[in-house]
Amino acid sequence: MSDVTLPIGASTTESGSLKRAISWKGAFWVASGVPALVLFSIGGISGMVGNLAFLIWTASIFMGFVQSFTYAEIAGLFPNKSGGASVYGAAAWVRYSKFIAPLSVWCNWLAWTPVLSLGCSIAASYILNAIGSTKLTNWTLFAHTLGPVSFSFGSTFFIGAIIMLVVFSIQHRGILGTASVQKYVGLLVIIPMAIVGVIPLFNGHVHYATSFAPLVPLASAGAPALGSWNVSGWTLVLGAMFIAAWSSYGFETAVCYTSEFRNPGTDTFKAIFYSGLLCIALYILVPFTFQGALGLTGMLDPSIAAGSGVAKAMADMVGGNGLINGVMQLLMILALILSIMTAMAGSSRTLYQGSVDGWLPKYLTFVNEHGAPTRAMWTDLVFNLFLLAVASADATSFFFILAISNVGYIIFNFLNLNAGWIHRMDSGMTNRPYKAPTWLLGLGAVFAFVNATFMGAGAKTWNPMALWAGLIVAALILPVFCFRHYYQDKGKFPEQMLEDLHVGGSGDTTTKRAGILPYLTLAGGVIVVLASNWFFHL
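Just so it is clear, the structure is predicted and the values come from calculations on it, not from any experiment. (Residues numbered from 1 in each chain as written. Predicted model: local features only at pLDDT ≥ 70, side-chain atom pairs only at ≥ 80, totals over all residues. Heavy atoms only, no water.)

## Some details on the overall build of the protein
When you go through the protein residue by residue, the secondary structure sums to 22 helices and four strands. Counting the 538 residues in the protein, one finds 62% classified as buried. By sequence separation, contacts in the protein at least 24 residues apart represent 82% of the contacts at least 6 residues apart. A total accessible area of about 18,800 Å² is found for the protein, and carbon and sulfur atoms account for 70% of it. (Helix = DSSP H or I, 4+ residues; strand = E, 2+ residues; numbered from the N terminus. Buried < 20%, exposed > 50% of the residue type's maximum accessible area, 1.4 Å probe, protein only. Contact = heavy atoms within 4.5 Å. Areas by Shrake-Rupley, 256 points an atom, 1.4 Å probe, with all protein chains shown as cover.)

Here's what the structure looks like:
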């Protein structure tokens, strides 16, 4: 299948471009892999805060739902863009700093792309557990330690790589083919996850009297001793909220496909709204029944924290015998594959649109005849094969990658929640297919600083170096952007990106009605991160 260059400014209906092939329902099914992200960290969060785990998930998903209204509004301003909220938010920040805007796009990609490697690592572990061969499970071709993490080329790595290649082959057919496949896989996953969330409430497996009280943090992560609401306890809670955000905010990927909607004016809001409702239901039910069935001792089992024991635990929750256990393991594998497909679809389009807009190298501005951004997909694939070797080594390395990824995700959310009010000030007269209530837009901006607190205080609970490593990785966009902007584009942005700054024909590229406020916001975010990192400790 040939690759062709998409000319800057090309119509979205031309051959070799992203195609308007789906409705909001298609995006809903592509985003249906997000509920499965709860499987990535449900064990880790349980081991971090114990009895508070179900409250962490509930608070996190409601924060994500409030934030989604801002993303729905700014996505509607750019019906011809793909790539998600970071791309739409970058258009707000570029007027104030050409270096902050690409940071938004880069950090969103850094947040989403590790889903491929992390999901493949867990799925491979499930497959190995199902096979039941100790020799195969422990087989390793080569392993080594590199700084704070280890890497391993063993059975988990090679099985995970095969899963990744299968997902790539499905995505190669374009968004319509991807949505069609995910519709059926999604049904096979969402229904069983709903069953896991509901059945234990009625079959006696939820132990209400012993699994939810007392509502205090643990004395230390992974230990059964109860702590108190002191600085150390709050630090663990903020660490749990930090890592939960990576999963529960993820349904914002539903607005990644604006330029592929048949009717972006109405499809954009519907896609993110209904995806959010699905996630609210599953992110509340599944952690609640999971905790109710396992209790504190069960949640602190090392296999739960590592993720490999989650499928068996969920099978036991519905009264599973050997057959049901096997079926549940298969469904958990499908759930992880679904989340991997969601991540590849969204992250590759972020790379593609970042290239079209002049933030990332030009080679990413390619799609095949099916409308799939294949060069961006190959970039995702190669990068994640490296991450897979780290993620499959041990739980410490797994959560180090997850924490670094989430540093990027919190930066992205901070910038884009504030992009909502910047767009309102700079392009307030522009028609909006969906306009969020002002109080929700304002609450989203407040949540931007709450998220910054999660990052400053919570990242180090997963690894002492996670915050600083995450900030360094985020800063790598600076040489990448400089290469594209000053070397490839000779200091000029692509024409299409500059046209988009008019936002429907109103305003101009130099309009800065927000004045000094965006700069004060950035300074405030930095202060919150540093202050919370200094104050909160274990």
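## Examining unusual backbone geometry
In this model, Ala 213 is joined to Pro 214 through a cis peptide bond whose omega is 0°. For Pro 214, the position within the fold is in the loop between α10 (208–211) and α11 (231–248). Backbone geometry places Lys 490, a non-glycine residue, at a positive phi of 55°. In this structure, Lys 490 sits in the loop between α20 (477–488) and α21 (495–500).

## Things to note about the packing of helix α2 (residues 38–49) against helix α3 (residues 53–76)
Axis separation between α2 and α3 bottoms out at 9 Å; the angle between their running directions is 130°. Between α2 and α3, the angle falls in the class oblique. Crossing handedness for the pair α2 and α3: right-handed. Of the residues in α3, those touching α2 at Val 38, Ser 41, Ile 42, Ile 45, Ser 46 and Val 49 are Ala 53, Ile 56 and Trp 57. Taken together, the residues of the contact of α2 with α3 break down into seven nonpolar, two polar and no charged. (Axes fitted to C-alpha atoms, helices over the stretch in contact; angles between N-to-C directions. Parallel < 35°, antiparallel > 145°, perpendicular 65-115°, else oblique. Left-handed = near helix turned anticlockwise from the far one by under 90°. Nonpolar A, V, L, I, M, F, W, Y, C, P; charged D, E, K, R; others polar.)

## Notes on the packing of aromatic side chains
Using the criterion set out here, one finds 34 aromatic pairs in the structure. Aromatic side chains Trp 57 and Tyr 283 sit 5.7 Å apart centroid to centroid with 45° between the ring planes, which places their arrangement in the tilted category. Here Tyr 283 lies in helix α12 (residues 264–299) and Trp 57 lies in helix α3, a separation of 226 residues in the sequence. Judged on exposure class, the residue Trp 57 and its partner Tyr 283 are both buried. Between Phe 535 and Phe 536 the ring centres are 5.0 Å apart and the planes differ by 90°, which places this aromatic pair in the edge-to-face class. Clustering of aromatic rings is evident, with ring pairs tying together Trp 139, Phe 142, Phe 151, Phe 153, Phe 157 and Phe 158. Above the ring of Phe 366, the side-chain terminus of Arg 375 is found at 4.0 Å from the ring centroid. Here the basic side chain of Lys 490 rests over the ring of Tyr 487, its NZ or CZ set 5.1 Å away from the ring centre. (Phe/Tyr/Trp six-rings, centres within 6.5 Å; stacked < 30°, edge-to-face > 60°. Lys NZ or Arg CZ within 6 Å of the ring centre and 35° of its normal.)

## Focus on the nonpolar core
Among soluble globular proteins, nonpolar side chains are generally buried collectively. In terms of nonpolar packing, the biggest core is built from 174 residues, with Phe 40, Ile 45, Val 49, Phe 242, Phe 290, Met 314 and Trp 359 touching the most fellow members. If you tally residues by element for this core, the top one is helix α17 (residues 395–426), at 18 residues. Apart from residues no more than four positions distant in its own chain, Val 49 is found in contact with Ile 56, Val 216, Pro 217, Leu 218, Leu 236, Val 237 and Ala 240. (Core = buried A, V, L, I, M, F, W, Y, C linked by side-chain atoms within 4.5 Å.)

## Some thoughts on the confidence of the model for the protein
Of the residues in the protein, 88% reach a pLDDT of 70 or more, and the chain-wide mean stands at 83. When mean pLDDT is taken per element in the protein, helix α22 (residues 517–535) scores highest with 97 and strand β1 (residues 3–5) scores lowest with 34. For the stretch residues 1–16, pLDDT sits under 50, and the model shows 37 contacts to residues farther than four places along the chain or on other chains. Counting interchain partners and residues more than four positions distant, the pLDDT-below-50 stretch residues 503–508 has eleven contacts. (pLDDT = per-residue confidence, 0-100.)

## Examining the pairing of strand β3 (residues 149–154)
Burial analysis of β3 places five of its six residues in the buried class, the great majority of the element. Note: strand β2 (residues 140–146) against β3, six bridges, orientation antiparallel. The residue bridging Phe 142 from the neighbouring strand is Phe 153, located in β3. Linkage of β2 to β3, two consecutive antiparallel strands, is achieved through a turn of two residues, within which Gly 147 is found at a positive phi near 60°. (Pairing = 2+ DSSP bridges.)

## Structural notes on the side chain of Gln 67
The topology assignment puts Gln 67 in helix α3. Once residues within four sequence positions are removed from consideration, Gln 67 is found in contact with Tyr 249, Asn 413, Leu 417, Phe 447 and Asn 451.

## Examining the pattern of salt bridges
Following the criterion strictly, the structure yields four salt bridges and no others. A salt bridge links Glu 73 to Arg 424; its shortest N-O distance comes to 2.8 Å. Residue Glu 73 is located in helix α3, and its partner Arg 424 is located in helix α17; the two are separated by 351 residues in the primary sequence. For the pair Glu 73 and Arg 424, one class covers both residues: buried. Among the ionic pairs, Arg 484 bridges to Asp 489, the shortest N-O distance being 2.8 Å. (Salt bridge = Lys/Arg side-chain N within 4 Å of Asp/Glu carboxyl O.)

## As for the environment of Ile 195
Take Ile 195: it is sitting in helix α9 (residues 175–198). Considering only alpha carbons, one finds Ile 195 and Val 286, 91 residues apart in sequence, at a separation of 9.0 Å. Not counting chain neighbours up to four residues away, the residues in contact with Ile 195 comprise Pro 200 and Val 318.

## Details of a nonpolar patch on the surface
A cluster of nonpolar side chains, contributed by Tyr 184, Leu 187, Ile 191, Ile 195 and Ile 199, occupies part of the molecular surface with about 470 Å² of accessible area. Following the sequence through the fold, Ile 191 ends up in helix α9. For Ile 191, a relative accessible area of 48% puts it in the partly exposed group. (Patch = residues over 30% accessible without salt bridge, like charges linked within 9 Å, V, L, I, M, F, W, Y side chains within 5 Å.)

## Some remarks on the side chain of Asn 463
Along the chain, Asn 463 turns up in the loop between α18 (438–458) and α19 (466–475). Here Asn 463 is in contact with Pro 148 and Phe 400, once residues within four sequence places are set aside.

## Some points on the environment of Ile 404
Structurally, the position occupied by Ile 404 is in helix α17. Taking the relative accessible area as the measure of exposure, Ile 404 reaches 17% and is therefore buried. A sequence separation of 67 residues divides Ile 404 from Leu 471, and the C-alpha atoms of the two residues are 8.1 Å apart. Dropping the residues within four chain positions of it, Ile 404 is found in contact with Ala 466, Ala 469, Gly 470 and Val 473.

## With respect to helix α15 (residues 322–356)
Relative to the 51 Å expected for 35 residues at 1.5 Å per residue, α15 spans 51 Å between its end C-alpha atoms, a close match to the ideal helical length. Along α15, 27 of the 35 residues are buried, which leaves the element largely enclosed by surrounding structure. (Expected span 1.5 Å × (residues − 1).)

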